[in-house]
Amino acid sequence: MGMKKVKISSVKRAAHLKNKKVPLSKQQQQKLAQERAAKEKVQNIFIQKARKKDHLAQKKRQNKHGSRIADISDLRPQSDGEDGDDLANKLDMLEDEDLEYLQLNKNSKQRKRKYAEEIGEENHEDLKHAICLEKEYASKTAEELENKKVKVNLLPIKSREGDIIARSTEVDYKPKTKIIKNEQEQEESSQENIEEDELYEDSDADVVNDANANVVSINTERKLITTTDLLIARQQEIERQKYRIGIICSGILEKPEDKIRNFNALFELMDENNCKGSINLLTVRKLAVVSLTEIFKDILPEYRVGQVDTKMQHVRKATLERVTYENALLQQFKKFLQRLEKLTAAINRRGQARKTPQDIKMAEVAVQSLCEILTAHPYFNYVKNVAQLLVYMLNCNYPRMREAVNQCFRYVFTNDKKLEMSLFIVRRINHLIKSKNNNVHLECITCLMALKVKNVNLDLEKENELKQKKLEAHRQRLVNLSKKERKRRKKLSELNKELEETRAEENKQTKHYKLTEIVKMLFTIYFRVLKNDPNSKVLSAILEGLAEFAHVINLDFFADLIDVLNRILETQEDLGYREQLHCIQTIFAILSGQGEILNIDPIRFYQHFYRNMLAVNAGKNHDDFRIILKTLDEVLVKRRRNMSQQRLMAFVKRLLSVALHLLHHGTLASLGTIKTTFQLTSVLDILLDTDCSIGSGKYDPELEDPEYCNASCTALYELTMLARHYHPIVRKMSLHIANGVPATGEGSLSSEIGKLSALELFEQYDSTAMVFNPAIPVPKTSSEPKIKKGKHFYSQRDFKVYYQKLFKDHTIQLESRSKKAVMIDFYKELKLNC
């Protein structure tokens, strides 16, 4: 029969080898014998010392007993006085047997004493030699400890070239025993001082007089602690903990595999109370959270850590070490996330009586830490739990936390290439809005604006169904083919499949599927709010999102969506101008794309837009002019052929009127839109003619209907005002339009300015940073204004003679008083003369 192989685990094999006895060599036996002899010698030294102590104790006892017997035997009636008589009487009272017993004890003790002295003389030299050896050993160890240096690693330095330079220094060695003894001595001294103070206070409490009262007041003053002392102690504690955190973090970053246990020290500093029961300062807790966040951002791997059962699988030593380290790191990361969740839960609990400012500050730090972890490692373990927690924090009652989470999600949506995390976050936001019945903060909706939704075809499912039907019909045809033809088609299909794999077509399909799911979830959120709660506070954000993603809306929803938006515009009277502009922008974006096939007349939307153009000015709402520019691009440029001439001229006239009330970059954007419209159509040339005789009626700028305001009866006189604008580019642009938008020659624009669109002009010449583009020179001012002499005209000849005489008299008076100015009150002089 053959031998059966049995697999033995590494643990059992190590235990078996450990229990197996191996015969020792001669050198090892000699070494063991030497070690045993040294141990016996040391034991003999300590045994001799113990014997010496026993001999000394016996001597003391014998001396005491011997002195007593000597006193009893020497006490005879020979002593003088009353004491001698008393002792003699006591001795006479003892019987003969007792005296004999005492004498025998004395003799035995004397014999023992002589024996001990003989032994002591023999072992005296050995004890003396052993004591000398001990003293030499103790002195040598003390000198070594005093001169011993310990190497301590310092924080690394980053050079100018970007290299990391490690540093270290040598520090005097301090044994733990001495530190423990010093601490014990300090505790004992403090306890003694406390006991003395308590005794002192008790003694003073019994007596009531002026002197004791003064002493008590002095003692109480010594115990008082000022605010300065507290602040100094707090600052010292913070600096000490900073140094400690820095050393722990540098040790972990130097070699994380060996310093995993150091995380527990940082976790203790995160808590409100440490293991000793003392309270951690708020600054120290914040520093611990920030330090742990930076450590995890540096040492966490970019891949997802998997679970490997090392007991069931045979792995190499290096693999085993790596798996053990990754599992330990994952456990520490889990503990850190649990503590952060605990900090955020302190402000989200329902029914809590009061939230302290410390809880709020720690929650802000925890939320910021979670955001940094999500942006740094969006695909690591437990990061989906982090995203789910941040979604709930997106609807908290603290604006700073909401803004931090909003910025975090925007960053994730912008930089997420796999779209896995984006889809998960959008689904959680949808669940949150649905559970809260649309009663959420604006940040829950505005963060979705950062989604990269491009080239998404929501009708792809229908197209796939049609393709499936065609393929089914094709398959039926293949059934009737010959066997050779079927083999050929099979090989071609396999080859096409391999080509698709090399082109990464499968990844593209997966990515497109995720993007389609994101868009479906996005419009589910938008349409639910519009249908169920049109008066919601998030309506403005919903309308803004619809305007942003209107190009990917399914064609089946166009008609219903336009009806809903029209009803919102007409029925809701408290709807703001911004919401109305977003509604109009969404409608025109729909009608400019696939919605051209719809039979919808947008006359009422033109009226709403024409009326709301005047709502924006150079004040706080100047940034909302972007919405008007985007809508004008849809109305005046893309749908210019669907507009009548009167309506087109009315919009251009209204836009130029609005340009007078805007900042210079808003004015430039308006002129850029008008320039583009002049280049695309020649109908607007009539607005540059100042002859008012041609036309039917009079221009009414206050009429809300652009079709009947008679804009053809007016001219663009605002261009003459803008030709004297303080900004040089505005002056050039206005003269360019006034000259009829020439491509070359007088009034033409440079290619750098002429190729910019309206939105690019609005952003490039923005002066919100208090910087003009280009720089505007300071006007030149002379030191003193020049006085121009002019002619005087008099209504009466007699007044001219009187004026010259009066002026001459006053100049004579001024010369005598040495004054430079002439002040004459003609009205008073005339009254006096009359």
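Preceding this section is the structure that the text describes.
Counting of residues starts from 1 at the beginning of each chain's written sequence and follows it residue by residue. Totals for whole chains, interfaces and linings use all residues, but because this is a predicted model, local features are given only for residues with pLDDT of at least 70 and pairs of side-chain atoms are given and counted only at 80 or more. Water and hydrogen atoms were dropped before computing side-chain values, which therefore reflect all heavy atoms in the structure.

Chemist: Just give me the short version of the overall build of the protein chain, but keep the residues and values in it.
Modeler: Numbering of helices and strands runs from the N terminus; a helix is a DSSP stretch of H or I covering at least four residues, while a strand is a stretch of E covering at least two. From N to C terminus, the protein chain includes 31 helices and two strands. Counting over 834 residues, the protein chain shows a buried share of 32%. Pairs at least 24 residues apart make up 68% of the contacts formed inside the protein chain by residues separated by at least 6 positions. Note on areas: Shrake-Rupley, 1.4 Å probe, and residue coverage restricted to the protein chains presented here. When the accessible surface of the protein chain is totalled, it reaches about 58,100 Å², and 51% of it is carbon and sulfur. Each residue's exposure class comes from its accessible area (1.4 Å probe, protein chains only) as a fraction of the maximum for that residue type: buried when under 20%, exposed when over 50%, partly exposed otherwise. What makes two residues a contact is simply this: any of their non-hydrogen atoms within 4.5 Å.

Chemist: Kindly report on the packing of aromatic side chains, identifying the contributing residues and their values.
Modeler: Classification of ring pairs rests on two measures: the distance between centres of Phe, Tyr or Trp rings, Trp counted by its six-membered ring, which must be within 6.5 Å, and the angle between planes, read as stacked under 30 degrees, edge-to-face over 60 and tilted in between. Overall, the coordinates contain 13 aromatic pairs when judged by the stated rule. Ring centres of Phe263 and Phe296 lie 5.2 Å apart, and the angle between their planes is 15°; on these two criteria the pair is classed as stacked. Note that Phe263 is positioned in helix 8 (residues 263–270) and Phe296 in helix 9 (residues 282–299), a separation of 33 residues in sequence. Phe296 gets classed as buried once you look at its relative accessible area, which sits at 0%. When the centroid spacing of 5.2 Å and the interplanar angle of 40° are considered together, the rings of Phe588 and Tyr606 count as tilted. Highlighted residues: Phe588 in helix 21 (residues 577–592) and Tyr606 in helix 22 (residues 603–612), separated in sequence by 18 residues. For the pair Phe588 and Tyr606, one class covers both residues: buried. What links up through ring pairs into an aromatic cluster is the set Phe263, Phe267, Phe296, Phe333, Phe336 and Phe380. Geometry around Tyr379 places Lys418 over its ring, the cationic atom sitting 4.5 Å from the centre. Only when the NZ atom of a Lys or the CZ atom of an Arg is both within 6 Å of the ring centre and within 35 degrees of the ring normal do we say a charge sits over the ring.

Chemist: How would you explain a nonpolar patch on the surface if you had to name every residue and give the values?
Modeler: A surface patch of nonpolar side chains, about 230 Å² in accessible area, is lined by Val150, Val152, Leu154 and Val171. When residues in the nonpolar patch are grouped by element, the largest group, three residues, is from strand 1 (residues 149–158). On the secondary structure map, Val171 appears in strand 2 (residues 164–172). Grouping into patches uses exposed residues only, defined as over 30% relative accessible area, and leaves out salt-bridged ones; the cut-off is 9 Å for like charges and 5 Å for nonpolar side chains (Val, Leu, Ile, Met, Phe, Trp, Tyr). Here, a salt bridge means any Lys or Arg side-chain nitrogen found within 4 Å of an Asp or Glu carboxyl oxygen.

Chemist: Before we move on, could you go through the environment of Val637 and cite the residues and values that matter?
Modeler: Here Val637 is to be found in helix 23 (residues 625–638). Placed 40 residues apart in sequence, Val637 and Thr677 show a C-alpha to C-alpha distance of 6.5 Å. Those residues in contact with Val637 that lie beyond four places of it in its chain are Leu632, Thr676 and Leu680.

Chemist: Help me get a handle on helix 19 (residues 539–548), residues and values and all.
Modeler: For helix 19, a buried count of eight out of 10 residues is recorded, marking the element as mostly surrounded by other parts of the structure. Those residues of helix 19 lying buried are Leu539, Ser540, Ala541, Ile542, Leu543, Gly545, Leu546 and Ala547.

Chemist: Quick rundown of the packing of helix 21 against helix 23? Include the residues and the values.
Modeler: Contact pair helix 21 / helix 23: the axes reach a minimum separation of 9 Å and the direction vectors enclose 30°. Classed by the angle they form, the pair helix 21 and helix 23 counts as roughly parallel. The way helix 21 lies across helix 23 gives a crossing that is left-handed. Contacts between helix 21 and helix 23 involve Arg578, Leu581, His582, Ile584, Gln585, Phe588, Ala589 and Ser592 on the former and, on the latter, Ile627, Ile628, Lys630, Thr631, Glu634 and Val635. Between N-to-C directions, angles cover 0 to 180 degrees, with each direction set by a line fitted to C-alpha atoms, over the stretch in contact for helices. We call two directions roughly parallel when the angle between them is under 35 degrees, roughly antiparallel when it is over 145, roughly perpendicular when it lies between 65 and 115, and oblique otherwise. Each helix crossing is assigned a hand: it is left-handed if the near helix lies turned anticlockwise from the far helix by less than a right angle, otherwise right-handed if that turn is clockwise.

Chemist: So, the side chain of His665: which residues are in play, and what are the values?
Modeler: You can see His665 is positioned in helix 25 (residues 664–680). Once you skip the residues sitting within four places of it in the chain, His665 turns out to touch His622, Leu761, Phe762, Tyr765, Asp766 and Ser767.

Chemist: Let's hear about the pattern of salt bridges: which residues, and what values?
Modeler: Enumeration over the complete set of coordinates arrives at 16 salt bridges. Of the charged contacts, one joins Asp624 and Arg578 as a salt bridge, the two residues approaching to 3.1 Å between their closest N and O atoms. Here Asp624, found in the loop between helix 22 and helix 23, pairs with Arg578, found in helix 21; they are 46 residues apart in sequence, far enough to count as distant. Judged by relative accessible area, which is 29%, Arg578 ranks as partly exposed. The partner of Glu763 in a salt bridge is Arg626, with the nearest N and O atoms 3.2 Å apart. Of this pair, Glu763 sits in helix 29 (residues 758–764) while Arg626 sits in helix 23, placing them 137 residues apart in sequence. Accessibility expressed as a relative area gives 29% for Arg626, which makes it partly exposed. What you see here is one network of salt bridges that share partners, running through Glu294, Lys297 and Glu372.

Chemist: How would you sum up the side chain of Asn621? Please name residues and give values.
Modeler: Residue position: Asn621 is located in the loop between helix 22 and helix 23. Since its relative accessible area comes to 16%, Asn621 is described here as buried. If we ignore the near neighbours within four places in the chain, the residues touching Asn621 are Tyr577, Ala615 and Val616.

Chemist: Pulling in residues and values, what's your account of the pairing of strand 2?
Modeler: Sheet analysis places strand 1 next to strand 2, joined by eight bridges and oriented antiparallel. Counterpart to Lys158 in the pairing with strand 2 is Ile164. Note on pairing: two strands pair once DSSP finds at least 2 bridges between them. From the end of strand 1 to the start of strand 2, which pair antiparallel, there are five residues, and Gly162 there has a positive phi angle of about 95°.

Chemist: Would you mind going over unusual backbone geometry in detail, with residue names and values included?
Modeler: Unlike most non-glycine residues, Asn710 shows phi in positive territory, near 60°. Look at Asn710 and you get partly exposed, because its relative accessible area is 22%. Non-glycine residue Val741 carries a positive phi angle of around 55°.

Everything listed here is a matter of coordinates, which is why it stays silent on function.
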